[in-house]
Amino acid sequence: MSGTVERLAYLYQQYIDGACTAEELQEFFEYVRMPEMRQALRGLATGHLEHLSPGNELPEVNWDDMYNRIMQQEKPVAAGKKGIVKRLFTRPVVAAAVVTLVASAGIWALLTRKPQAQQLTIAERFRNDIPPGSNKAILTLANGLSFALHDMDDNSRQQLASGNFFRLDSGELVYNNVPAVRTPGYNKLTTPRGGQFKLILPDGSRIWLNAASSITYPLAFGPGERKVAITGEAYLEVAKNAASPFKVLVNGMEIVVLGTKFNINAYTNEPVINTTLLEGAVKIIKGDNSCLLKPGEQLQVSRDGGFSVKNEVDTASVIAWKDGMFSFNDEDIASIMRQVNRWYDAQIVYEARIPHHFIGTIPRNVQVSRLLTMLELTGRLRFKIDGRKITVTEP
């Protein structure tokens, strides 16, 4: 047992110093959840708190900073080197003592939960883990035929591509050498919950579809305007063509662009429609309202059609999903769990009201239990997985 306690003390110090490798961090989390390690962990946390603060009472904790420390972004590891887990901070930490205090308080929160909350182990609560989403999409052709692009053999791929002027790569549908057609016809690419896909249109415009989204587009762009319709969320890099404006129809809005990079979040279960501009210019029109966006701005359109512009938006956070990351920027748990619902195809049930907001990043290619564990380590909420149902409650 003494060897185990010594190992725990080493991992604890690595965690405090921000020097854990990915493997060490996972091992440390496992120790944190072991009932027989509670006394040793309590001693380690108490020692740090008493050393850094006068008296024996637990000081007031900045939970947002503590959460930033826990949430990590794993970077690729070069051959022969160990990967060090990096933790992100949205606000500067002015002293190492503050970092230690915050981390120790996080462990203390785990150790002082209500006894009934400790009755189920993490293995029991997360026994039905849910895998992350992947490259999945349904292509519906103009003639009404549909194909699951993620579940096709080589013969089906060749048959589908024949005469349709596109190729299908892993997670990507690419159109090329498409002749102009006079007969109107539209294809539709749809991602399910737990799916994402990339589309390159005949004009070279690139579209990334997030989970539970779709794009309807013509078989070929003729002279004049280029027009598509989108539901859900998409990131677009539009090919420049001043003679042929690009227009996006989404939830009763029209977005007019010439050549630009922007993100649209128009899920029907979100409170507002967000259009975020990264590069170029777009004009958004809805009813009698219109707005011209500049790079770094975000237009929020309420369900009643009201316009509101946010300046200096964290655009990297907005499009993090495209780059394989969750990025929570002062988001409440309802907003986070809507993302979990779409990416993990999970039903979300609430047994308590959780008013807190969260900040941090984590890769999207992890099992849902890892994301939930990161959130739990803030000490503010707790989860249970039952089939594809995730229950959110208080600790």
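What counts as what
Residues numbered from 1 in each chain as written. Predicted model: local features only at pLDDT ≥ 70, side-chain atom pairs only at ≥ 80, totals over all residues. Heavy atoms only, no water. Helix = DSSP H or I, 4+ residues; strand = E, 2+ residues; numbered from the N terminus. Expected span 1.5 Å × (residues − 1). Buried < 20%, exposed > 50% of the residue type's maximum accessible area, 1.4 Å probe, protein only. Core = buried A, V, L, I, M, F, W, Y, C linked by side-chain atoms within 4.5 Å. Contact = heavy atoms within 4.5 Å. Phe/Tyr/Trp six-rings, centres within 6.5 Å; stacked < 30°, edge-to-face > 60°. Lys NZ or Arg CZ within 6 Å of the ring centre and 35° of its normal. Pairing = 2+ DSSP bridges. Axes fitted to C-alpha atoms, helices over the stretch in contact; angles between N-to-C directions. Parallel < 35°, antiparallel > 145°, perpendicular 65-115°, else oblique. Nonpolar A, V, L, I, M, F, W, Y, C, P; charged D, E, K, R; others polar. pLDDT = per-residue confidence, 0-100. Polar contact = N/O pair within 3.5 Å; in protein donor to acceptor, adjacent residues only side chain to side chain. Salt bridge = Lys/Arg side-chain N within 4 Å of Asp/Glu carboxyl O.

**What about helix α9 (residues 333-344)?**
What sets the pattern is the α-helix's 3.6 residues per turn: residues three or four places apart point alike. Here α9 contains 12 residues, and its C-alpha end-to-end distance of 16 Å stays within 8% of the 16 Å for a straight helix at 1.5 Å per residue. With respect to burial, α9 is a largely interior element, nine of its 12 residues being buried.

**Some remarks on the nonpolar core**
Residues L173 and L189 are the most contacted members of the largest nonpolar core, which totals 41 residues. Ranked by the residues each element gives to this core, the list is headed by strand β12 (residues 226-237), at four residues. Beyond its immediate stretch of four places on either side in the chain, L189 contacts A137, I138, L139, L149, L173, F197, L199, L209, S213, S214, I215 and Y217. Formed by 40 residues, the second largest nonpolar core is a distinct cluster that contains I130, L371, L372 and L375.

**Looking at the packing of aromatic side chains**
In total, this model carries five aromatic pairs according to the counting rule given. With a centroid separation of 6.2 Å and 20° between ring planes, the pair formed by F326 and Y344 is classed as stacked. Pair noted here: F326 is in strand β21 (residues 325-332) and Y344 is in helix α9, with a separation of 18 residues, a long-range link. Each member of the pair, F326 together with Y344, is buried. Across from the ring centre of F126, 4.9 Å away, lies the NZ or CZ of R125, which sits over that ring. Looking at R342, its charged tip hangs above the ring of Y267, at a distance of 3.7 Å from the centre.

**Quick notes on the sheet that holds strand β22 (residues 347-350)**
Either a parallel or an antiparallel arrangement is found when strands of a sheet pair, and the pairing is made through backbone hydrogen bonds. The three strands are arranged β22-β25-β24 in an open sheet whose pairing can be described as mixed. Two strands in the sheet have a free side with no partner beyond their single neighbour: β22 and β24 (382-386). Averaged over all adjacent pairs, the angle separating strand axes in this sheet is 25°, with direction ignored. Bridging between β22 and strand β25 (residues 389-393) involves four bridges; their strand directions are parallel. Bridge pairing links V349 to T391 in β25. Lying on the sheet, α9 is in contact with β22, β24 and β25; it crosses β22 at an angle near 155°. Packed on one face of the sheet, helix α10 (residues 368-376) meets β24 and β25 and runs near 160° to β24.

**Here we look at the packing of α9 against α10**
The geometry of α9 relative to α10 is characterised by a closest axis approach of 12 Å and an angle of 170° between their N-to-C directions. Classified by the interaxial angle, the pair formed by α9 and α10 is roughly antiparallel. Between α9, through I333, I336, M337, V340 and Y344, and α10, the contact on the second element is made entirely by V368, L371, L372 and L375. Among the residues forming the contact of α9 with α10, the class breakdown is nine nonpolar, no polar and no charged.

**Let's talk about the side chain of N265**
Within the secondary structure layout, N265 lies in strand β15 (residues 261-266). Residue class for N265 comes out buried when judged on its relative accessible area of 15%.

**Thoughts on unusual backbone geometry**
Working note: non-glycine residues mostly have negative phi, and peptide bonds are mostly trans. Even without being glycine, E312 reaches a positive phi, approximately 50°. Tracing the chain through its elements places E312 in the loop between β20 (307-310) and α8 (315-318).

**Observations regarding the confidence of the model for the protein**
The predicted model of the protein has a mean per-residue pLDDT of 79, with 75% of residues at 70 or higher. Confidence over residues 52-105 falls short of pLDDT 50; this stretch has 118 contacts with residues more than four positions distant or in other chains. The low-confidence segment residues 112-118, where pLDDT is below 50, has 14 contacts with residues more than four positions distant or belonging to other chains.

**Overview of the pairing of strand β19 (residues 298-302)**
Moving residue by residue along a regular strand, the side chains alternate between the two faces of the sheet. In terms of strand pairing, strand β16 (residues 272-279) meets β19 through five bridges, oriented antiparallel. Residue pairing in the sheet places V272 in a bridge with S302 of β19.

**Considering the environment of N135**
With respect to the element layout, N135 can be found in strand β3 (residues 134-135). Among the residues examined, N135 registers a relative accessible area of 34% and is labelled partly exposed. If we skip the residues at most four places from it in the chain, N135 touches H150, S170, G171, Q196 and F197. At a separation of 3.5 Å, a polar atom in the side chain of N135 contacts the side chain of Q196.

**Some remarks on the pairing of β24**
As paired strands, β24 and β25 are joined by five bridges and run antiparallel to one another. Among the inter-strand pairings, K384 is bridged to a residue of β25, identified as T391. Turn length for the β24-β25 hairpin, with the two strands adjacent in sequence and antiparallel, is two residues, and the turn residue G387 shows positive phi of about 70°.

**Brief notes about the pattern of salt bridges**
Taken as a whole, this structure holds 10 salt bridges when the rule is applied. Here K322 ties to D323 by a salt bridge, and the two come within 3.0 Å at their closest N and O atoms. Through salt bridges with shared partners, a single ionic network connects E225, K227 and K247.

**Considerations on the side chain of R342**
As for its position among the elements, R342 is in helix α9. Owing to a relative accessible area of 7%, R342 belongs among the buried residues under this scheme. Contacts of R342, omitting those with residues within four sequence positions, involve R193, G194, A211, A212, Y267, N269 and E270.

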